[in-house]
Amino acid sequence: VLFVGSYDHTVKLFDARMKSSVMTIDHGQPVESVLLFPSGGLLVSAGGRYVKVWDVLKGGQLLVSLKNHHKTVTCLCLNSSGQRLLSGSLDRHVKIYSTTSYKVVHSFNYATSILSLALSPEDETIVVGMTNGVLNVKHRKPEERKEKSQKRQPAYRTYVKGRTYMPKQEDFCVSKPVKRVLRKYDKLLKSFQSSKALDAVLEPPIRLYTPEVTVAVMQELHRRGTLRSALAGRDEKQINLLLTFVARRVIEPRFTPVLVTVADMITDIYQPVVGQSAIVDRQFLKLQEAIGKEIDYQEELLEVLGMMDTLFATFTQKKATYLDEKKSNGLTETTETNMND
């Protein structure tokens, strides 16, 4: 079997047992070089700015077309293992492709245009022929073996040195700066991952022991305008967790303003799914009961405040009347004394 590339844009396959070509592949550009993989199933053609890979076993089907050169590709070469494909071009570059992904993994730059290239059997040397008549030979650098240096371990007294020293009054003590490590939810907020940040603060250690952190993150998400998107798109288990937390903590005065807003958004978002899950419905009823109790507490507080305002107003009027009477009595006594004199 023989492959021939031509300036008529075609690559022809000839069989010595046949009188004419048995396969014709149209490259689309004047063909400069052809290369057959060791397996015999893939063929590479170079011409124009293109390097094309063909599947011979499928009748010359095009697998990939590479356009990484700026001028005509003149030569092709494979390494010994067939894992790297090399192409030289008039643009003074040699490109090295991976035959698994056909992406450029390395590139060489030369002084003038390249006409031919070859690799040594051990892939240690690359030889390039150029238009100026120069034959360039490059050798791979030998891998330097890193010898393990045997370092002497410091003595024990090195570790305990200075531990018993007590600073004097004139000494200037330099403390080591403490590196601040961001919490998981802080990192997620910093990277604008709202839903994941809310999930992080709903974990049991934070939700149960530091609920103020959970509410603070909710408040920050509401300030950014991303709270609704963070609450949306949750499954039955996550909705149940959210409703349980809100129903339990909404009666706490320090959390009430934020959690009422959260409860309003949850109700608005998941109202269409009410009646589809008994667990979620039960939590909605608990939330309704908790908010109802909170409303009753607020009404009772308003009544108490009204009574206290009335009492304060009464005390103020009595005090003012007493002062007026005292002033008027003093004024009378003074007048009477002056008249007697």
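Residues numbered from 1 in each chain as written. Predicted model: local features only at pLDDT ≥ 70, side-chain atom pairs only at ≥ 80, totals over all residues. Heavy atoms only, no water.

Points about the overall build of the chain
Stage number 1. In terms of helices and strands, the chain carries nine helices and 14 strands.
Stage number 2. A globule of 341 residues ought to have a C-alpha radius of gyration of about 20 Å, yet the chain, at 43 Å, is considerably larger.
Stage number 3. Its C-alpha atoms give the chain principal-axis dimensions of about 150 × 75 × 50 Å.
Stage number 4. When burial is assessed residue by residue, the chain has 32% of its 341 residues classed as buried.
Stage number 5. Sequence separation of 24 or more characterises 37% of the internal contacts of the chain that already satisfy a separation of 6 or more.
Stage number 6. Split by element, the accessible area of the chain, about 24,200 Å² in all, is 55% carbon and sulfur.
Stage number 7. Charge centroids of the chain, computed over 48 positive and 37 negative side chains, lie 15 Å from each other. (Helix = DSSP H or I, 4+ residues; strand = E, 2+ residues; numbered from the N terminus. Rg over C-alpha atoms; globule rule 2.2 N^0.38 Å. Buried < 20%, exposed > 50% of the residue type's maximum accessible area, 1.4 Å probe, protein only. Contact = heavy atoms within 4.5 Å. Areas by Shrake-Rupley, 256 points an atom, 1.4 Å probe, with all protein chains shown as cover. Lys, Arg positive; Asp, Glu negative; His and termini not counted. Charge placed at Lys NZ, Arg CZ, Asp CG, Glu CD.)

Things to note about helix α3 (residues 194-201)
Stage number 1. Within the span of α3, buried status applies to Ser-194, Ala-197, Leu-198, Ala-200 and Val-201. Down the axis of α3, the sector holding all buried residues measures 155°, keeping them to one side.
Stage number 2. Elements in contact with the buried residues of α3: α2 (184-190), α4 (204-209), α5 (211-224) and α6 (227-231). (Arc of directions from axis to C-beta.)

Quick notes on the sheet that holds strand β12 (residues 114-119)
Stage number 1. Read across the sheet, three strands follow the order β12-β13-β14 without closing on themselves; strand pairing throughout is antiparallel. Only two strands of the sheet have a single neighbouring strand rather than two, namely β12 and β14 (135-139). Each strand axis lies, on average, 15° off the axis of its neighbour in the sheet, ignoring direction.
Stage number 2. Bridge count for β12 against strand β13 (residues 125-130) is five bridges, and the pairing is antiparallel. What sits directly across from Ala-118, in β13, is Val-127. (Pairing = 2+ DSSP bridges. Axes fitted to C-alpha atoms, helices over the stretch in contact; angles between N-to-C directions.)

Quick look at the domain arrangement of the chain
You'll often see interface size given as the accessible area lost when the parts meet.
Stage number 1. In terms of domain boundaries, the chain breaks down into domain 1 (2-139) and domain 2 (184-295).
Stage number 2. The gap between the C-alpha centroids of domain 1 and domain 2 is 62 Å. (Domains from an automatic or database assignment.)

Points about the pairing of strand β7 (residues 61-66)
Stage number 1. Judged from the five bridges that link them, strand β6 (residues 50-55) and β7 form a sheet pairing that is antiparallel. Within β7, the position partnered with Lys-52 by the bridge is Ser-65.
Stage number 2. Linking β6 to β7, which pair antiparallel, is a turn of five residues; within it Gly-59 sits at a positive phi near 80°.

Brief notes about the UniProt feature "repeat: WD" (unreviewed entry) in the chain
Stage number 1. As recorded in UniProt, the feature "repeat: WD" (unreviewed entry) lies at residues 66-107.
Stage number 2. Between the first and last C-alpha atoms of residues 66-107 the distance is 14 Å; the span itself is 0% helix and 55% strand. (UniProt positions renumbered as here; feature names shortened; annotations may be inferred.)

Thoughts on the layout of surface pockets
Stage number 1. The volume enclosed by the largest pocket comes to roughly 370 Å³.
Stage number 2. Surrounding the largest pocket, 15 residues form its lining, Ile-96, Phe-108, Leu-119, Asp-123 and Arg-140 being those nearest its centre.
Stage number 3. At the level of elements, β9 (84-89), β11 (104-109), β13 and β14 are the ones that each hand at least two residues to the lining of the largest pocket.
Stage number 4. Residues belonging to the lining of the largest pocket are distributed by class as follows: six nonpolar, four polar and five charged. (1 Å grid on protein atoms, 1.4 Å probe; cavity = no way out; pocket = protein on both sides within 12 Å on 5 of 7 lines; lining within 4 Å. Points joined across faces, edges and corners; volume = space filled by probe spheres on them. Nonpolar A, V, L, I, M, F, W, Y, C, P; charged D, E, K, R; others polar.)

A word on a nonpolar patch on the surface
Stage number 1. Among the surface-exposed residues, Leu-302, Val-304, Leu-305, Met-308, Leu-311, Phe-312 and Phe-315 lie close enough to one another that they form a single nonpolar patch of about 700 Å² accessible area.
Stage number 2. Among the secondary structure elements, Phe-312 is positioned in helix α9 (residues 278-340).
Stage number 3. A relative accessible area of 48% places Phe-312 in the partly exposed class. (Patch = residues over 30% accessible without salt bridge, like charges linked within 9 Å, V, L, I, M, F, W, Y side chains within 5 Å. Salt bridge = Lys/Arg side-chain N within 4 Å of Asp/Glu carboxyl O.)

A short note on the environment of Gly-88
Stage number 1. Here Gly-88 is to be found in strand β9.
Stage number 2. Spatially, the C-alpha atoms of Gly-88 and Ser-175 are 60 Å apart, while their sequence positions differ by 87 residues.
Stage number 3. Ignoring any residue separated from it by four or fewer positions in sequence, one finds Gly-88 in contact with Val-73, Thr-74, Cys-75, His-93, Val-94, Ile-114 and Leu-117.

Quick word on the nonpolar core
Across soluble globular proteins, nonpolar side chains show a tendency to be buried alongside one another.
Stage number 1. Ranked by internal contacts, the top residues of the largest apolar core, which has 36 residues, are Leu-198, Met-218, Leu-231, Val-246, Leu-259, Val-262 and Ile-266.
Stage number 2. If you list the elements that add at least two residues to this core, you get α2, α3, α5, α6, α7 (236-249), α8 (256-270) and α9.
Stage number 3. Per-element accounting of this core gives the leading share, seven residues, to α8.
Stage number 4. Excluding residues within four positions of it along the chain, Leu-259 makes contact with Val-215, Met-218, Phe-245, Val-246, Arg-249 and Val-250.
Stage number 5. Counting residues in hydrophobic clusters, the runner-up holds 15 residues, among them Leu-42, Val-44, Val-73 and Tyr-97. (Core = buried A, V, L, I, M, F, W, Y, C linked by side-chain atoms within 4.5 Å.)

Concerning the UniProt feature "domain: U3 small nucleolar RNA-associated protein 15 C-terminal" (unreviewed entry) in the chain
Stage number 1. With numbering aligned to this structure, UniProt lists the feature "domain: U3 small nucleolar RNA-associated protein 15 C-terminal" (unreviewed entry) at residues 165-311.
Stage number 2. This span, residues 165-311, is 70% helix and 0% strand, and a straight line between its end C-alpha atoms measures 67 Å.

Points about the packing of α7 against α8
Stage number 1. Closest axis-to-axis distance for the α7/α8 pair is 10 Å, and the angle between their directions is 145°. In this structure, α7 meets α8 at a crossing whose hand is left-handed. Contacts between α7 and α8 involve Ile-239, Leu-242, Leu-243, Phe-245, Val-246 and Arg-249 on the former and, on the latter, Leu-259, Val-262, Ala-263, Ile-266 and Tyr-270.
Stage number 2. A breakdown of the residues in the contact of α7 with α8 according to their chemical character gives 10 nonpolar, no polar and one charged. (Left-handed = near helix turned anticlockwise from the far one by under 90°.)

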